[in-house]
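Close look at the chain arrangement
Below, each chain spelled out in residue letters.
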Amino acid sequence: MSQTSTTMAATAPLAAIAAETPRHHPTVWSRFRRHKLALAGAIVLLLLVIIAIAAPILAPHPPNAVSLANYRKPPSLDYPLGTDTQGRDVLSRLMFAARISLSVGLVAVSIYVAIGTVLGGLAGFFGGWVDTVVMRVADMVLSFPSIIVIITIVSILGPSILNVMLVIGLMGWPPIARLVRGEFLTLRGRDFVTASRSTGAPNARIIFRHILPNATTPVIVAATFGIAQAILLEAGLSFLGLGVQPPTASWGNMLNGAQSITTLEELPWLWLPPGITIILAVLAINFVGDGLRDALDPRSRA
Amino acid sequence: MGRFLLRRIAISIPVLLGITVIMYIIVNMAPGDPVTALMNPEQMANMGPEWVEHQRESLGLNDPMPVRYLKWLKETATGNLGYSFVDRMPVNQKIGERIWPTLKLMLTVLVISVAIGIPLGIVSALKQYSFIDYLLTILGFLTVSIPSFFLALVLIYVFSLKLDWLPTSGMYTVGQPRTLWDSVTHMILPATALGLAQSAPIIRYTRSSMLETIRQDYVTVARAKGLNERAVTVHALRNALIPIITIIALNVPMLLGGTVIIEQVFSWPGMGSLAIASVQGRDYNTLMGINLIAAIMILLSNLLADVIYALVDPRITYA
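Residues numbered from 1 in each chain as written. Chains lettered and ligands numbered in written order. Predicted model: local features only at pLDDT ≥ 70, side-chain atom pairs only at ≥ 80, totals over all residues.

1. With respect to the overall build of chain B
- Scanning chain B from N- to C-terminus turns up 14 helices and 0 strands.
- For 319 residues, the compact-globule estimate of 2.2 N^0.38 gives 20 Å, and the C-alpha radius of gyration of chain B, at 25 Å, exceeds that figure by more than 25%.
- Along the first, second and third principal axes, the C-alpha set of chain B runs to 90 × 60 × 35 Å.
- With 319 residues in all, chain B has 35% of them scored as buried. (Helix = DSSP H or I, 4+ residues; strand = E, 2+ residues; numbered from the N terminus. Rg over C-alpha atoms; globule rule 2.2 N^0.38 Å. Buried ≥ 20, exposed ≤ 12 C-beta atoms within 10 Å, placed from the backbone.)

Listed below in C-alpha cells is the structure:
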C-alpha cells in the first residue's frame, strides 16, 4: 500500500510553486520552507501532535464519560461538537483519538522500517542466496491481498491497538527493503567502501557507518508517506470494528456508528468531525512527505 | 512469446505456493478446534471423547501441519476449497456467487479511473506548471488522503439521503425487475468512492511518463520536420502510455483492498463483504479461500501487465 503512494507522488510539481532560483547550497530546511504546502502540512501536523499530547488538559470533558442525560446532543457551547449516542463529548473524544491514531501510524511504520531496513540491508550487502530469499519473500508479501490478509490475521489475533500496529508493521516492509537493498547494491562497490574494507573494517562498521547513512533519505520519505497510509488503514479497520476497540476512541472507530443510516442522516456531527480530521492529518503528512523528498533529494525533482 | 509466457508463469508459481504456505500457517493459528467448534455440545457429550477423537482422525486433524498442508494443497489444486465452518456450504460456491459482483465493481472503477486519469494526466503534462497542473496535483493529494469509506458516507449522505437521487446500497432494487438502468444507478456511488483515489496515481504517472517522452529525440525530430502539435502529441502518447499499464496492474491490490470496505458500506454482494462476514463468523475456511482467490487475482493482474507490456513495447524481447 505504502509503495503506491510513495511512487505516486514521485514527480510532484508542488515544489515548483515556490521554486525560485536556488541560492548557493540551500540547506534542507530552507528547501523545505520554500515548499509552501509542505510548510502548511508541517504546521497542521504540529498542531495535531500538540493536541494529542495535551489532550488531558485541552479536552473539555473526559473522553469516555457516559452521560445518558446528554446523549445525541447537537453542537452547543457546552459540547462544541455535540455528543454521541452515549452522551460522550465528541470534541474530547476526537482529541484523545488523535493520540491513538497518530501513534498507530508511527509505531506500525517504525516496525516495518526496522524490518525492511534489516532485511533489505542483508539482501543488498551479502547478495547471493540471502538476496534471492529476501526478495522472493518480499514479492510474496507484495502479492498478498493486504487488507483481506490483515482482517484475517486481526480476526485470529483479536482486534486491538497492538495487533493493528503489528499486522500493518508485518505487511508493510517490502517497499522499504527494496529501497535499502537498492542503496546497498549501488554503494557496496564504491571506492570508499573498498577503501574502508582494505583498512580491515568489519562488516558491521561498513554497514552502519558507511552504507546505511546513505539509505536514510529515501527511507525517511517512504516512511512519511507510510505513516499517512497506516493512519488510513487503521481508520478503515476501526471503522469496520476490526481495529481499535471502544471505549478507547480512534478516528476510525468514531466513524463506526455512521454505518447505520439513521446516524448518518440525523447525527452528522458524529461522523463529519472525525472524517475531516483524518483527511487533515493524512493530507498534512502527505504534503510533509512531498516537501521532505524535495528538500532531502533535489535530484528526484521532475 | 510462448516461452516468455511459460517462464513468467513459472516465476509466479513459487510465489503463489509461498503465499499459500504463509496463509495456511496464519489460519492454523486460529483458536479453537474445528471438530468441537462445529459439534452440537449435547451430541458431543453423548458420543464421548472417543468419537471426537475418531472425528479428528478421519478429518486428518491429527496429522502434523506440513502433512495437513499438503493434503489441503492437493484438494485445492483439484478445485475443492472445502466447506464453510458456518453454514456447511462449499467455499467454491460461496465465493463463486460473490466473485462477479466484485469483478464488476473493480472493472467499472478501473475503466472510470483510466478514462479520467489518462486525459487529465496528458493535460497536466502538456500544460506543465500551469494553474491546471497545480490544481490536479493538489486534487491528487486530496483524493489519496480521503478515506474511501468516509467519501462513501459523504456521497450517501448527499446523493441518497438529502437529494434522494441514488440508492444507498445493494446492486439491484429488491423486488423489481433487474434493468440496466437500475444496476447503473446502484453502481455510481460505490464506483465513485473507489474511483477518485484510483485515478490520482494514473494522472500522476501519465503526466511524468508524457513529460519524459516529450523530451525524447524522436519527438523533437517530429516537431523539427514540421508536424503540427496535435500529431506530435499523438506520436508521444503512444509510447508514453506503455508504462501506465504497469501502474494500473500495480494498483489492483489497492483496488481489491478498497472494494472490501466499500462493499461493506454499500452492502454490495461481493467478495469483500463476504470476507467481513466470514471474519465476524470466524469462518476461516471461507477466509482462506477468499485470500487464495484474491492472491491469484493479484498475480494474474501482474502477469497480464507483463505480457501486455512485452506485446506493446518492441524494445522488450521475450526470448
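2. Re the overall build of chain A
- Tallying secondary structure elements over chain A gives 14 helices and 0 strands in all.
- Secondary structure elements in chain A, listed N-terminal to C-terminal, are α-α-α-α-α-α-α-α-α-α-α-α-α-α.
- Evaluated residue by residue, chain A yields a buried proportion of 49% over its 302 residues.
- Sequence-distant contacts, at least 24 apart, represent 70% of the contacts inside chain A between residues at least 6 apart. (Contact = placed C-beta atoms within 7 Å.)

3. Overview of the interface of chain A and chain B
- Taken together, the 46 residues of chain A in the interface contact 51 residues of chain B.
- Those elements giving two or more residues to the side of chain A that touches chain B turn out to be α1 (2–8), α6 (128–143), α7 (146–157), α11 (203–239), α13 (261–266) and α14 (268–296) of chain A.
- The element that contributes the greatest number of residues to the side of chain A that touches chain B is α7 of chain A, accounting for 9 residues.

4. Considering the environment of Asn-253 of chain A
All names here are of chain A.
- Summarising the element assignment, Asn-253 is placed in helix α12 (residues 251–254).
- Put simply, Asn-253 and Val-90 are 163 residues apart on the chain and 12 Å apart in space, counted from C-alpha to C-alpha.
- Other than its neighbours up to four places away in sequence, Asn-253 contacts Ser-238, Phe-239, Gly-243, Val-244 and Pro-246.

5. Remarks on unusual backbone geometry
- Going from Pro-246 of chain A to Pro-247 of chain A, the amide bond is cis rather than trans, its omega being 10°.
- Mapping Pro-247 of chain A onto the fold places it in the loop between α11 and α12.
- The backbone of Tyr-129 of chain B shows a phi angle near 65°, a positive value even though the residue is not glycine.
- Tracing the sequence through the fold places Tyr-129 of chain B in the loop between α5 (91–126) and α6 (131–145).
- Positive phi values are uncommon outside glycine, yet Ser-267 of chain B reaches one of about 45°.
- Assignment of secondary structure puts Ser-267 of chain B in the loop between α12 (252–265) and α13 (271–280).

6. Thoughts on the nonpolar core
- In this structure, Ala-152 and Ala-275 of chain B are the most contacted members of the largest nonpolar core, which totals 151 residues.
- If you tally residues by element for this core, the top one is helix α5 (residues 90–126) of chain A, at 18 residues. (Core = buried A, V, L, I, M, F, W, Y, C linked by C-beta atoms within 7 Å.)

7. Description of the confidence of the model for chain B
Residue and element names in this part refer to chain B.
- Mean pLDDT over chain B: 82, with 92% of residues reaching 70 or higher.
- Put simply, helix α2 (residues 34–38) is where chain B has its lowest mean pLDDT, 59, and α5 is where it has its highest, 89.
- What the predictor reports for the complex is a pTM of 0.85 with an ipTM of 0.83. (pLDDT = per-residue confidence, 0-100.)

8. Regarding the packing of α5 of chain A against helix α9 (residues 173–187) of chain A
Residue and element names in this part refer to chain A.
- Where α5 meets α9, the axes come as close as 7 Å, and the angle between the chain directions of the two elements is 35°. As for how α5 packs across α9, the hand of that crossing is right-handed. Contacts between α5 and α9 pair Tyr-112, Val-113, Ile-115, Gly-116, Thr-117, Leu-119, Gly-120, Gly-121, Ala-123, Gly-124 and Phe-125 from the former with Trp-173, Ile-176, Ala-177, Arg-178, Leu-179, Val-180, Arg-181, Glu-183, Phe-184 and Leu-185 from the latter. (Axes fitted to C-alpha atoms, helices over the stretch in contact; angles between N-to-C directions. Left-handed = near helix turned anticlockwise from the far one by under 90°.)

9. Structural notes on the packing of α12 of chain B against α13 of chain B
All names here are of chain B.
- With their axes 7 Å apart at the nearest point, α12 and α13 run at an angle of 80° to one another. In terms of orientation, α12 and α13 fall into the roughly perpendicular class. Residues Thr-259, Val-260, Glu-263 and Gln-264 of α12 touch α13, and the partners they reach there are Gly-272, Ser-273, Ala-275 and Ile-276.
- Here the residues of the contact of α12 with α13 sort into 3 nonpolar, 4 polar and 1 charged. (Parallel < 35°, antiparallel > 145°, perpendicular 65-115°, else oblique. Nonpolar A, V, L, I, M, F, W, Y, C, P; charged D, E, K, R; others polar.)

10. Some details on the environment of Leu-311 of chain B
- Among the structural elements, Leu-311 of chain B can be located in helix α14 (residues 284–312).
- The sequence separation of Leu-311 of chain B and Ile-138 of chain B amounts to 173 residues, and the corresponding C-alpha distance is 35 Å.

11. Here we look at the confidence of the model for chain A
All names here are of chain A.
- Model confidence for chain A is summarised by a mean pLDDT of 82, while 89% of its residues fall at 70 or above.
- Per-residue pLDDT, averaged within each element of chain A, yields its smallest value for α1 (40) and its largest for α5 (91).
- When the criterion is pLDDT under 50, residues 1–13 qualifies, and its contacts beyond four places in sequence or with other chains add up to 41 contacts.
- Under a pLDDT of 50 for its full length, residues 15–24 has, in the predicted model, 10 contacts with residues more than four places off or in other chains.

12. Concerning the environment of Gly-226 of chain A
- Residue placement: Gly-226 of chain A occurs in helix α11.
- As a C-alpha pair, Gly-226 of chain A and Ser-110 of chain A span 116 residues in sequence and 9.6 Å in three-dimensional space.

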